[in-house]
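# An overview of the molecular structure
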Amino acid sequence: MANLSTVYMGLELKNPLIVASCDLTSNIERIKRCEEEGAGAVVLKSLYEEQIEIETEELMRKSWLPGHTEAFEYVRGMSMANGPSTYLNLIKEVKEVASIPVVASLNCVSAKWWVDYAKQLEQSGADALELNISLLPSDLKRTSEEIEQIYMDIIERVVEEINLPVAVKVGPYFTSIAKVLNVFSKKGIKGLVLFNRFYQLDIDVKNFTLKGSNPLSSPNEMSNSLRWIALLSNRIPCDFAATTGVHTGIDVIKQILAGAKAVEICSTLYKNGFKYIKSIIEEIEDWMKEHSYEKIEEFRGKLSKKEEDKIELYERQQYIGALNK
Ligand SMILES: Cc1cc2nc3c(=O)[nH]c(=O)nc-3n(C[C@H](O)[C@H](O)[C@H](O)COP(=O)(O)O)c2cc1C
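Summary of the structure given here. Given the structure is predicted, the values throughout are model-derived calculations rather than measurements.

## Focus: helix α9 (residues 249–258)
- Within α9, eight of the 10 residues are buried, which leaves it mostly tucked inside the rest of the structure.
- By the burial criterion, the buried members of α9 are Gly249, Asp251, Val252, Ile253, Gln255, Ile256, Leu257 and Ala258.
- Contact partners of the buried residues in α9: β3 (17–19), α8 (223–232), β12 (239–243), β13 (262–265) and α11 (276–290).
- Downstream of α9 by one or two residues, Gly259 has phi in the positive range, about 120°.

Next comes the structure, spelled out in structure tokens:
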């Protein structure tokens, strides 16, 4: 029997499958279901900054919210009862009934709010904290250094104040992503989650309105995280988790070969149901058996870039003759 256990950010996971932060991890019944079907861990639905602002009645004074639609829809659909206190209680309850690690998630856009909440999440019993930092670099005046500094301030202040392992979940919009992630990794975080998938914008040409599209990913969206995890996992001293487009057991194996310690899955469970966690695990076990692997560590990072490797395949950006016959 293949042993799928892995250590991610110091947490011992029975397998590398983590149910990503989303509505599938927003209440106790769903989290229990994730565990029953065999997930290695869960990341709770994020606690949003807006949620806290609602409690302090500051929300409506903010102007940026309508531009941040994932958060906006979440906030619109919830009542005051779903505030941070509910979130903290959820962690306590989950820790009483579930034995898999529970990662809390904070959606941050600035450092000021987060230190107190991070401490409270720690006190509530979360096993780790994922910072869901989603800044869309759309400001015409803000330089990349200024944006990176916001990330840094959040990371530094949170890491300083809590003892939990902290992961940072980022999107792909950085000018110099290798350098930036390397700098983040030196700030005391234990994990990097590549890459968050942001709200997809579309246009309704009949009604001349903006609208959302494709809330769920497709499998062909995985190549970006695969490339960067393969390029960086052996060179940056941090555990990597892959997210976006990981849909099957073979996708998980690819990410592990690239060097990921874990994967965070969401869309594939919306499409196929919780029971699909078991199928993914079976697919990984079958592949390991076929290749005579007994442990994940025997093949993890086998295709991550080593110093001596040629860079071309990892970094090739243009197709050269790909469709020539
Ligand atoms: C309905 C929905 C809600 C989500 N909510 C959150 C959230 O609260 N926090 C977060 O960090 N990511 C959130 N995500 C992003 C997922 O955690 C995940 O990173 C993303 O969907 C890409 O993974 P996938 O391709 O497996 O879906 C959400 C995704 C969906 C579809």
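## Points about the packing of helix α1 (residues 28–36) against helix α4 (residues 84–97)
- Running from N to C, α1 and α4 point in directions that differ by 35°, and their axes come no closer than 10 Å. Here α1 runs over α4; the crossing is right-handed. Contact residues: Ile28, Ile31, Lys32 and Glu35 in α1; Leu90, Glu93, Val94 and Val97 in α4.

## Some points on the site of the ligand
- Neighbouring the ligand are 22 residues; Ser21, Ser46, Ser217, Gly245 and Ser267 lie closest to it.
- Interatomic distance of 3.1 Å between a side-chain N/O atom of Tyr48 and an oxygen atom of the ligand.
- In this structure, an oxygen atom belonging to the ligand sits 2.9 Å away from a main-chain N or O atom of Cys266.
- In isolation the ligand exposes 610 Å². Once the protein is present, 92% of that is buried.
- Of the residues contributing to the shell around the ligand, the split by class is eight nonpolar, nine polar and five charged.

## Comments concerning the side chain of Thr243
- When you line up the elements, Thr243 lands in strand β12.
- A polar side-chain atom of Thr243 sits 3.3 Å from the main-chain carbonyl oxygen of Glu264.
- Setting aside residues no more than four positions away along its own chain, Thr243 makes contact with Lys169, Val193, Leu194, Phe195, Asn196, Ser225 and Glu264.

## Structural notes on the packing of aromatic side chains
- A full pass over the atoms with the stated rule returns seven aromatic pairs.
- A ring pair is formed by Tyr151 and Phe184, whose centres lie 5.5 Å apart and whose planes are at 20°; its orientation type is stacked. Residue Tyr151 is found in helix α6 (residues 144–161), and its partner Phe184 is found in helix α7 (residues 177–185); the two are separated by 33 residues along the sequence.
- Owing to a relative accessible area of 0%, Phe184 belongs among the buried residues under this scheme.
- Put simply, the rings of Tyr151, Phe174 and Phe184 pair up and form one aromatic cluster.

## Observations concerning the state of the cysteines
- Counted under the stated rule, the structure contains zero disulfides.
- The thiol of Cys22 is not disulfide-bonded; the next cysteine sulfur, from Cys266, is found 3.7 Å away.
- Judged by relative accessible area, Cys22 falls into the buried class, the value being 7%.

## Notes on unusual backbone geometry
- For the bond from Leu194 to Phe195, the omega torsion is -15°, close enough to zero to count as cis.
- Inspection of the secondary structure assignment puts Phe195 in the loop between β9 (191–194) and β10 (200–204).
- The residue Asn214 is not glycine, and still its phi comes out positive at about 40°.
- For Asn214, the location among the structural elements is in the loop between β11 (209–213) and α8.
- Assessed through its relative accessible area of 49%, Asn214 is described here as partly exposed.
- Look at Ser292: it is not a glycine, yet its phi comes out positive at around 55°.
- Residue position: Ser292 is located in the loop between α11 and α12 (312–315).
- Taking the relative accessible area as the measure of exposure, Ser292 reaches 62% and is therefore exposed.

## Section: the side chain of Ser217
- For Ser217, the location among the structural elements is in the loop between β11 and α8.
- Not counting the four nearest positions on each side in its chain, Ser217 is found in contact with Arg197, Gly245, His247, Ser267 and Lys271.

## Brief notes about the nonpolar core
- If you look at the biggest cluster of nonpolar residues, it comprises 88 residues, and the most contacted ones within it are Leu106, Leu129, Leu131 and Phe184.
- It is α6 that provides the largest number of residues to this core, a total of eight residues.
- Formed by 13 residues, the second largest nonpolar core is a distinct cluster that contains Leu13, Ala128, Ala241 and Ala262.

Rules behind the numbers
- Residues numbered from 1 in each chain as written.
- Predicted model: local features only at pLDDT ≥ 70, side-chain atom pairs only at ≥ 80, totals over all residues.
- Heavy atoms only, no water.
- Buried < 20%, exposed > 50% of the residue type's maximum accessible area, 1.4 Å probe, protein only.
- Helix = DSSP H or I, 4+ residues; strand = E, 2+ residues; numbered from the N terminus.
- Contact = heavy atoms within 4.5 Å.
- Axes fitted to C-alpha atoms, helices over the stretch in contact; angles between N-to-C directions.
- Left-handed = near helix turned anticlockwise from the far one by under 90°.
- Near = heavy atom within 4 Å.
- Polar contact = N/O pair within 3.5 Å; in protein donor to acceptor, adjacent residues only side chain to side chain.
- Areas by Shrake-Rupley, 256 points an atom, 1.4 Å probe, with all protein chains shown as cover.
- Nonpolar A, V, L, I, M, F, W, Y, C, P; charged D, E, K, R; others polar.
- Phe/Tyr/Trp six-rings, centres within 6.5 Å; stacked < 30°, edge-to-face > 60°.
- Disulfide = S-S within 2.5 Å.
- Core = buried A, V, L, I, M, F, W, Y, C linked by side-chain atoms within 4.5 Å.

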